[in-house]
Amino acid sequence: MQGKGVIKFFAILLAVVCLYQLSFTWVARKVQSDAKVYSKGDPKKETAYLDSMSSQPVYPLFKHNYQYVLQRELALGLDLKGGMNVTMQISLDELVRKIANNNPDVVFNQALANADKLQANAQTTQKDFITLFVSEYEKLNPNGKLAAIFSTKDNQDHLKFNASNSEVAAYLKDQANTAVKQSYTVLNTRINQFGVTQPNIQLEQSSNRILVELPGVKEPERVRKLLQGSAKLEFYETYDNAEAYQYLINIDNLLAAKNKTAKADSSKAKATTTAAAKTDTAAKAGSLLSKVQKNAAKDTSASALANKTQLAALHPLFSVLSLNVIPDASGQQQLGQGPVVGYSPLKDTAKVNSYLHNADVQAVIPRNLKFLWEVKPAKNSKDKIFALYAIKLTGAENGPVLSGDVINDARADNDPKGNPEVVMIMNSEGAQKWRTVTAEASSGTNKKSVAIVLDDNVYSAPVVQNEISGGVSSISGNFTIEDTKDLANVLKAGRLPAPAHIISESVVGPSLGQEAINAGVTSSILGLVVVLIFMIAYYNRAGTVAVVAVVINIFFLMGVLTSLGAVLTLPGIAGIVLTLGIAVDANVLVYERVREELGLGKSLRIAVADGFKHALPSILDSQISTFLTGLILFIFGSGPIQGFATTLMIGIITSLFCSLLISRVIFEWMLDKGWDIKFSHPWSSHTFKNANFKFVKNRFKFYAFSGIFILAGLISIFTRGFSYGVDFEGGRNYIITFPNKAVTTEAIHDAVDATLGRSTEVKTFGADKMSITTNLLIKDNNAATDSKVRSTLIQALGTKEATRITDKDIVGFSKVSATVADELKTSAVYTVLFAIFVISAYILIRFRKWQFSLGAMVATAHDALLVLSFFSLFRGILPFSLDIDQAFIAAILTVIGYSINDTVVVFDRIREFLELHHAKTDNPEEVINQAINSTLSRTIITALTVVFVLIVLFIFGGDVIKGFSFALLIGVIFGTYSSICVATPVIVDFGKKDLR
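This text gives an overview of the structure that appears in the document. (Residues numbered from 1 in each chain as written. Predicted model: local features only at pLDDT ≥ 70, side-chain atom pairs only at ≥ 80, totals over all residues. Heavy atoms only, no water.)

With that out of the way, let us pick up the overall build of the chain. Regarding its fold elements, the chain presents 34 helices and 25 strands. Residues counted as buried form 54% of the 996 residues belonging to the chain. Carbon and sulfur atoms form 58% of the exposed surface of the chain, whose accessible area is close to 44,600 Å². (Helix = DSSP H or I, 4+ residues; strand = E, 2+ residues; numbered from the N terminus. Buried < 20%, exposed > 50% of the residue type's maximum accessible area, 1.4 Å probe, protein only. Areas by Shrake-Rupley, 256 points an atom, 1.4 Å probe, with all protein chains shown as cover.)

Here it is as structure tokens:
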């Protein structure tokens, strides 16, 4: 074998990289374990310990801190870790109304209503809302001019009174895109400050939707209010650091006095203003800061917590907030200029807030002063350092000097020197107020700043150099191009607020997540054990090579997943388990070819070399077709489905590397050592050898069986239908643990049907849980509706003693609007059809005969119909859920990929037999039948391996993926059947002339 050295080098390099990437997870788990030991079950102590370690080196070799390690550990999905997944939709109809100043025009409002209805129909979702609205308006009023509605004084610079309807449509689309980006910016900021670990927020391309994942969230109601709240943009005057510094001193003294450790007199600490505080503030700031830093510097890794506790007692505020001081020319500390009064790392901001909001502290702060954090951490700050601003409140109500609704427009631009800046344009009312504000701020030698605040976060606080008249302002600073775009979006958020509604969500409780982890780990280990035992039992010593390759493959797979930052979900674990079965497919192909070569009398070394050589085309074709399926799932799927697809694709790549290269290197090493390598036991050496089943001759029997089953299934589909999951049906789904383990579905129906409606669906979910789905108030987008339905459910269940629960018994929740459900169903159909088309096209390119492509297309469609028929025929009969949902679609596509994998191997052998063993006098049907029988051993062994691991997954994988694993299980059985009994007969019946 050539290139062994290169293969070994890359294998060692990949192993080192994977080991390094996985080490972050091990280190993070070690720190978390230490925190649990230290806290002894106290959550506050555990959190405090982890906070204290965030900037401490915890990785012995590379001195990485805990925060750095935590960001690089293997991320767990919400179904494993618990948390909340939300899809937000920006309400474009409300946006359009606001752009038109709520115009009362009857045709305008009717067109909006029609567009809403059309967008809710899955058949028209390919068109965006603005296009639908304009089209409906023109239908209702063919000669109407939209410019008369939308061309107002505020937007006349962008839209003239004589603008055409197409120009208005272009303007509305631009405003809609801007509104979505604004909402993304606002939501991103709110989420980042919510304090969850590894949050994820994504803007759907060409859509008005935003996807949000919040692992570990324990307050879903708070999250809902946070995400659906309207954006609040305001402009505030500011205090200079020198003006606000004295109040921070007083706060620190007050807090120290309350701790009974301050040396200063308590009455002095409570004074809001003293002569001593006003004199020589810069010197005192430097002295105080030096003192605090000196105490902090005494910390060592062994006594860090004790020293921090002592420092917090002496200077509570300044132990978590660093004053804004800078060295002067002589090296002495002096107060920094501007409205920034201090800095804190992210982990300490919550503590600072608790101090500043303390009732006693509020008494020593002037009513027109409040402190707000900057929205983003300082650039290049490793520990995410945030600046604290001193904001001046004005007017009788102590509010901002201006609100965001005075802004007509804002855009990212460049100043004459080419530096990024933001141009802000106000309306006439705002321009007049702005002139007064800027004149006051720029008067005198000490120029003041004006803070731009969104949702109580400071986005920018530019210094006002001159009075600004006319309402057009340029905001400059140390901006990047992205900074100016973000700030422009923030400024426009006040002018065109577009409400964001939650249209789908799911909440997984930590207990349900832990159950999923346990089930996933158990099924993975058992699946691995089953594969290893089977390979060794069937292939003797050669099976041990496959065992080593599979173990190395799992190690590489986990390392690559971690290095890519992929999120491991429960379907992802299912993908790993499935990969265990698919991974041995290449080994089986090689081993069967080696056995054939040995049967021809070749030496062991030559037989191994020829086995790898002749099996390679089949291996590549089969794995590429399965990879294409995973790619389609990744592109069209979302959330857990993407996690499954990612795992499947990476697993295919690592499996090829291990099966073709690592296994080959091991065999070469064993041969060099002179080992006698056995590829079978006596009992397995003749399995399927000289098989001569009449597959082609009996093809019409197979046609009849498949036809009858599919016909029965179609009748069931059109009469009984399917049991749809909540993501395809719409509604709210609750996973509930009942204290009374003996509760029945009938008892739950008796309790809730009168309140929630008879359409409420109740299913068993494991041994001690029930799944309840209701469409009560599903079209109500009010932020309080979810809580209302939840309370209604609990009250309804409470009417019966046997079904009574508390809020804590609800361990899982998901919600999907009817619109999203329709879209998902439509998308699922198109995805399956697209997958069949893509794979058939690949077969056509690879085999150069349309009969092969047709056979593959018929077989894949056949498998999909059989699985669908099975789920319709047996729903309600089998003792577990047979829901049609996104996970089921993933299973269907995986079945299609597996079926093609199997079919391609058979096709490869057919092509080989037709080319090498086919004379003009030979009957093609007999040649093809010989080809099928010659590869029967590989087909059955691979199918058995995959079936074994899927049975393990079905039994031990948990209730969340029971339907998913069952669909895979029967799909693999049908796929194995179709590759032999359906795909090949199609080639025979449609290629009788071409095959001779």
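Having seen the model, we can carry on.
Once that is clear, we can look at the pairing of strand E4 (residues 209-215). Taken across its 7 residues, E4 has 5 buried, putting it largely inside the fold. Sheet analysis places strand E2 (residues 83-90) next to E4, joined by 7 bridges and oriented antiparallel. Each residue of the ladder has a partner; that of Thr87, found in E4, is Leu211. Of the strand pairs in this sheet, strand E3 (residues 200-203) and E4 are connected by 4 bridges, and their pairing is antiparallel. Counted as the bridge partner of Asn200 is Glu213 from E4. (Pairing = 2+ DSSP bridges.)

Because an α-helix packs 3.6 residues into every turn, residues spaced three or four apart end up facing the same way. End to end, helix H21 (residues 570-599) covers 44 Å across 30 residues, agreeing with the expected 44 Å (1.5 Å per residue, within 8%). Along H21, the helix axis deviates most sharply at Thr579, where the bend reaches about 30 degrees. Of the residues one or two after H21, Gly601 is the one with positive phi, at around 90 degrees. (Expected span 1.5 Å × (residues − 1). Bend = angle between axes of the 7 residues up to and from the residue.)

Let us now look at the sheet that holds strand E13 (residues 407-414). Read across the open sheet, the 3 strands follow the order E13-E14-E17; overall the sheet is antiparallel. On the outer flanks of this sheet lie E13 and strand E17 (472-476), each paired with one strand and no other. Going from strand to strand, the sheet's axes swing by 20 degrees on average, the running direction of each strand aside. Alignment of strand E14 (residues 420-426) against E17, held across 5 bridges, turns out to be antiparallel. Looking across to E17, one finds that Ile425 is bridged to Val472. Against the sheet, helix H18 (residues 428-442) makes contact with E14 and E17, and its axis sits at roughly 115 degrees relative to E14, the strand it touches most. (Axes fitted to C-alpha atoms, helices over the stretch in contact; angles between N-to-C directions. Contact = heavy atoms within 4.5 Å.)

This part covers the pairing of strand E15 (residues 450-454). With 5 of 5 residues buried, E15 is to be regarded as a mostly interior element. Burial of E15 is two-sided: the residues Val450, Ile452 and Leu454 facing one way and the residues Ala451 and Val453 facing the other way are all buried. As paired strands, E15 and strand E16 (residues 457-460) are joined by 3 bridges and run antiparallel to one another. Along E16, the bridge assignment pairs Leu454 with Asn457.

Its 18 residues give helix H11 (residues 241-258) an end-to-end C-alpha distance of 26 Å, which sits within 8% of 26 Å, the value for a rise of 1.5 Å per residue. Judged by how many residues are buried, H11 sits mostly within the fold: 13 of 18 residues are covered.

Mapped onto the elements of the fold, Ser872 is located in helix H29 (residues 850-873). At a separation of 2.7 Å, a polar atom in the side chain of Ser872 contacts the side chain of Ser716. (Polar contact = N/O pair within 3.5 Å; in protein donor to acceptor, adjacent residues only side chain to side chain.)

Roughly 1,200 Å³ of internal volume is contained in the second largest pocket. Around the second largest pocket sit 42 residues that line it, and Glu592, Arg593, Glu596, Arg909 and Ser934 are the ones nearest its centre. Counting only elements with at least two residues in the lining of the second largest pocket, the list comes to H21, helix H22 (604-636), helix H30 (886-916), helix H31 (924-934) and helix H32 (936-956). Of the residues contributing to the lining of the second largest pocket, the split by class is 13 nonpolar, 15 polar and 14 charged. (1 Å grid on protein atoms, 1.4 Å probe; cavity = no way out; pocket = protein on both sides within 12 Å on 5 of 7 lines; lining within 4 Å. Points joined across faces, edges and corners; volume = space filled by probe spheres on them. Nonpolar A, V, L, I, M, F, W, Y, C, P; charged D, E, K, R; others polar.)

Summed over the entire model, instances satisfying the criterion amount to 40 aromatic pairs. Residues Phe133 and Phe150 carry aromatic rings whose centres are separated by 6.2 Å and whose planes lie at 85 degrees to one another, so their mutual orientation is edge-to-face. Here the residue Phe133 occupies a position in helix H7 (residues 129-140), and Phe150 occupies one in helix H8 (residues 147-150), the gap between them amounting to 17 residues. One aromatic cluster in this structure is built from Phe702, Phe705, Phe709, Phe870, Phe871, Phe874, Phe888, Phe954, Phe966, Phe974 and Tyr977. Positioned over the ring face of Tyr239 is Lys392, at 5.0 Å from the centre of the ring. Stacked on the ring of Phe954, the Lys or Arg Lys962 has its end atom at 4.6 Å from the ring centre. (Phe/Tyr/Trp six-rings, centres within 6.5 Å; stacked < 30°, edge-to-face > 60°. Lys NZ or Arg CZ within 6 Å of the ring centre and 35° of its normal.)

This paragraph deals with a nonpolar patch on the surface. On the surface, Leu631, Phe634, Ile635, Phe636, Phe834 and Phe837 cluster together into a nonpolar patch covering about 570 Å² of accessible area. Those elements giving two or more residues to the nonpolar patch turn out to be H22 and helix H28 (818-847). Sorting elements by how many residues they give to the nonpolar patch places H22 first, with 4 residues. Here Phe837 is to be found in helix H28. (Patch = residues over 30% accessible without salt bridge, like charges linked within 9 Å, V, L, I, M, F, W, Y side chains within 5 Å. Salt bridge = Lys/Arg side-chain N within 4 Å of Asp/Glu carboxyl O.)

Right, let's get into unusual backbone geometry. Within the chain, Asn101 stands out as a residue other than glycine whose phi angle is a positive 55 degrees. Within the secondary structure, Asn101 sits in the loop between helix H5 (92-99) and helix H6 (106-120). Asn101 sits in the partly exposed class, given a relative accessible area of 45%.

Bringing the sheet that holds E2 into the picture now. Pairing in this open sheet of 8 strands is antiparallel, and the strands run E3-E4-E2-E18-E24-E21-E23-E22 from one edge to the other. The open sheet terminates on both sides in strands that have one partner only, identified here as E3 and strand E22 (761-764). On average, each strand axis in the sheet is tilted by 15 degrees relative to the strand beside it, whichever way the strands run.

Moving on to the environment of Asn114. Looking at the element boundaries, Asn114 is found in helix H6. The exposure class assigned to Asn114 is buried, which follows from its relative accessible area of 16%. Between the C-alpha atom of Asn114 and that of Phe133, which follows or precedes it by 19 residues, the distance is 7.5 Å. Excluding anything up to four places from it in sequence, Asn114 contacts Glu136 and Leu140. A distance of 2.9 Å separates a polar atom in the side chain of Asn114 from a polar atom in the side chain of Gln110.

This part covers the side chain of Thr626. For Thr626, the location among the structural elements is in helix H22. Setting aside residues no more than four positions away along its own chain, Thr626 makes contact with Ile652, Gly897 and Asn901.

Another aspect to go through is the nonpolar core. One finds Met535, Tyr591, Phe667, Ile843, Phe871 and Phe907 to be the most contacted residues of the largest nonpolar core, which totals 139 residues. In this structure, Ile843 is in contact with Arg848, Phe852, Ser853, Ala856, Ile900, Val904 and Phe907, ignoring residues within four places of it in sequence. Of all hydrophobic cores here, the second largest spans 64 residues; its members include Phe133, Leu172, Val217 and Ile772. (Core = buried A, V, L, I, M, F, W, Y, C linked by side-chain atoms within 4.5 Å.)

Opposite charge on two side chains permits them to pair, given that their charged atoms come into close proximity. Applying the stated criterion across every chain yields a total of 30 salt bridges. A salt bridge links Glu73 to Arg29; its shortest N-O distance comes to 2.4 Å. A residue pair is termed long-range when its members are at least 10 positions apart, and Glu73 in the loop between helix H3 (66-70) and strand E1 (75-76) and Arg29 in helix H1 (residues 4-39) qualify at 44 residues. A residue is classified by how much of its surface remains accessible, and Arg29, at 34% relative accessible area, is partly exposed. Glu912 is paired through a salt bridge with Arg909; the nearest N and O atoms lie 3.7 Å apart. Note that Glu912 and Arg909 are positioned in helix H30 at a spacing of 3 residues, about one turn of the helix. Among the charged side chains, a network of salt bridges with common partners joins Arg593, Glu596, Arg909 and Glu912.

Within this structure, the stated rule accounts for 0 disulfides. Note on Cys18: no disulfide assigned, nearest cysteine sulfur contributed by Cys658 at a separation of 9.5 Å. The exposure class of Cys18 is buried, given its relative accessible area of 2%. Judged by its relative accessible area of 0%, Cys658 falls in the buried class. (Disulfide = S-S within 2.5 Å.)

This part takes up the packing of H29 against helix H34 (residues 983-990). Any two packed helices are characterised by the angle at which their axes cross and by the distance between the axes. For the pair H29 and H34, the least separation of the axes is 8 Å and the interaxial angle reads 140 degrees. Of the possible angle classes, the one that applies to H29 and H34 is oblique. For the crossing formed where H29 meets H34, the hand is right-handed. Of the residues in H34, those in contact with Trp850, Gln851, Phe852, Leu854, Gly855, Val858 and Ala859 of H29 are Ala983, Val986, Ile987 and Phe990. (Parallel < 35°, antiparallel > 145°, perpendicular 65-115°, else oblique. Left-handed = near helix turned anticlockwise from the far one by under 90°.)

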